[in-house]
Amino acid sequence: MVDKKCKLTQGKIFGGSSKLNNMIHVRGNISHYVKWFHGKYNEDYFKQHLEYIEKNIFHLNNIQYQSELVDAILDAANELGYKEFGQNFRANFQKTKVTQKDGKRWTTSDKDINKYVVTNALVENVLITDSIGYGVSVHISDKIHKIFARKGVILSAGTLNTPKILQLSGIGPAELLKALKIPVIQDLPVGHNLQDHIGSGLDLILFNRTLSINAANMLNPLNLFYYLQGKGAWTTPGCEVIGFYSTKNSTNPDVQVMILPVGIASDRGSHLRKSLSITDEIWHKYFTKSFDKHTSSVFTTILHPKSKGTVYIKSKNPIIPPLVNTRYLSEKEDVDILIAGIKIAVKLIKSDSLRNIGAQINTNPFPGCSQYKFFSDRYLQCYIRHLTLTSYHYVGTCSMGLPESKNSVVDTSFKVLNVKNLYVVDGSVLPTLPSGNINAAIAMMANIFFETNIKRLPRNIHSSFQCHKYNKLHDYLFKVCSLD
Ligand SMILES: Cc1cc2nc3c(=O)[nH]c(=O)nc-3n(C[C@H](O)[C@H](O)[C@H](O)COP(=O)(O)OP(=O)(O)OC[C@H]3O[C@@H](n4cnc5c(N)ncnc54)[C@H](O)[C@@H]3O)c2cc1C
């Protein structure tokens, strides 16, 4: 990666990261959710919430447009003994289910509800007195405003930014806050326990011909016509099949693969290379070697990594982003699982079903690893340490847990420990990663929070909401305060 840094993308938009994600919907292993709440709710409770969001908040659909890779991969999985799944989470493969309505992205913020939204606003910190949260300080158009809460403050700035806001408010590791001369309100492990689904295996499949989903096809303006009808290549989520398997012959998968029909080399470096921050050296010595082929990826991710990172503010200035130290692959066990995971992915690529559609394994040696026997453990370890990327599934920095645990930031009601009227509801409260793409789990958590904390509030709570007065031009340009 350029400067040895991963780009940790987030949606800076109303609707957050689900407005730019790949729309892949996975329920994951429900038993993990029971553990997050320490048995407060049973599996049926979570299934009901998942069913509710699937029917009423997301619009779940099968992918509308697929390449030849889909059936071949499903057949290959069958060859290897994996079946398609039913309701229960176990090792298996299936076509990707997506959060789309009529072939177009559909997410939580698209639901028609009354919204009071201030955009172009940066929340700087929570207003707290006597350990009671009573509002937020917000930067809007070069002015700082205080917005007061009638009942409580709910932070939902995501796994990388909620810890930043809490730390700027005096809630975080005392040592960090003292070093920055921020008065400590609560000494809590805010910003610890960062976890992410990371993976490898980009451009591992090569074809001598192009597939029906390819970079050139994406540029065809005729796609607009199909897209308006909810069809065609523009409806693709970028991932056509997902699969789960165990590298340890267990019934609990520890690896997820995402089958991406368009490889990184396919757009000749115009977009994907930059968005993944691939260095010039790796680009020229590895990816450009496949320019005469069509490339696809079996992106192999580890479901429950042991490596944990941190998110710490570097300064008292709220405009400065926090320092994220992901510590990816710092635990050897994670590397071992990825090695075993990629070996199974290679078996898929070498299956008869894939061979029949002309797939071959990419045998270009990875720069810096060519001294090792190709696809030996040493080679794969080297490859993984050079080419492992985020799948943007960050969680854990304000972990939910029991108040007595030293790892908890919020309790099982989403309330920040020892602070009244302050709640966190976003990916940061997930104490561990779900077994699969995480958006469904986060939406489910938000729905549980709504059921348990918001629904009971009196209906007229918003009636006295006041927009700050801004000049008309600014209102028009920035939609500072929009009321339905
Ligand atoms: C590129 C990408 C692809 C992904 N693909 C998938 C997928 O296919 N399937 C899946 O299940 N998951 C996917 N994910 C993950 C999933 O979409 C996110 O984990 C999830 O949307 C995070 O929700 P959140 O509420 O925790 O945070 P976010 O959705 O990131 O929301 C945080 C919001 O807070 C705002 N904010 C942050 N700081 C401040 C501040 N100081 N003041 C005011 N506002 C602030 C942000 O602008 C944003 O709107 C993907 C993520 C990315 C980035």
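These numbers were taken from a predicted model, which means no experiment stands behind them.

If you trace the three strands from one edge of the open sheet to the other, you get 1-3-4, paired in antiparallel fashion. Either end of the sheet is taken by a strand with one partner, and the two such strands are strand 1 (60–62) and strand 4 (104–105).

To continue, consider the state of the cysteines. Following the criterion strictly, the structure yields one disulfide and no others. The disulfide that involves C369 links it to C382, with 2.1 Å between the sulfurs. Residues C369 and C382 are joined through a disulfide that is left-handed, its torsion about the S-S bond being -80°. Residue C369 is found in the loop between strand 19 (359–361) and helix 12 (377–386), and its partner C382 is found in helix 12; the two are separated by 13 residues along the sequence. In this structure C369 comes out as buried when scored by relative accessible area, which is 0%. The cysteine C239 is free of any disulfide, with C6 supplying the nearest cysteine sulfur at 19 Å. C239 gets classed as buried once you look at its relative accessible area, which sits at 1%.

The first and last C-alpha atoms of helix 2 (residues 43–57) sit 20 Å apart over 15 residues, in line with the 21 Å expected at 1.5 Å per residue. What helix 2 keeps buried is the set Y45, F46, H49, L50, I53, E54 and I57. Along helix 2, the residues classed as buried sweep out an arc of 165° about the axis, all on the same side. Residues of helix 2 that are exposed and point more than 90 degrees away from the buried face comprise Q48 and K55.

The positions that UniProt labels "binding site: FAD" (unreviewed entry) are, in the present scheme, V123 and G427. Residues in contact with V123, not counting those within four places in the same chain, are V136, S137, V138 and I165.

As paired elements, strand 7 (residues 132–140) and strand 8 (residues 143–148) share six bridges and run antiparallel to each other. Looking at the pairing, H139 lines up with I144 of strand 8. Turn length for the strand 7-strand 8 hairpin, with the two strands adjacent in sequence and antiparallel, is two residues, and the turn residue S141 shows positive phi of about 50°.

With that settled, consider the packing of aromatic side chains. Tallying each qualifying case throughout the model produces 25 aromatic pairs. Within the aromatic cluster, the residues linked to one another by ring pairs are Y33, W36, F37, Y41, Y45, F46, F414, Y423 and F449. When the ring centre of W106 is taken as reference, the NZ or CZ atom of K101 above it lies at 4.6 Å. The ring of F291 has R268 sitting right over it, with the charged end atom 4.4 Å from the ring centre.

What counts and how
- Residues numbered from 1 in each chain as written.
- Predicted model: local features only at pLDDT ≥ 70, side-chain atom pairs only at ≥ 80, totals over all residues.
- Heavy atoms only, no water.
- Pairing = 2+ DSSP bridges.
- Helix = DSSP H or I, 4+ residues; strand = E, 2+ residues; numbered from the N terminus.
- Disulfide = S-S within 2.5 Å.
- Buried < 20%, exposed > 50% of the residue type's maximum accessible area, 1.4 Å probe, protein only.
- Expected span 1.5 Å × (residues − 1).
- Arc of directions from axis to C-beta.
- UniProt positions renumbered as here; feature names shortened; annotations may be inferred.
- Contact = heavy atoms within 4.5 Å.
- Phe/Tyr/Trp six-rings, centres within 6.5 Å; stacked < 30°, edge-to-face > 60°.
- Lys NZ or Arg CZ within 6 Å of the ring centre and 35° of its normal.

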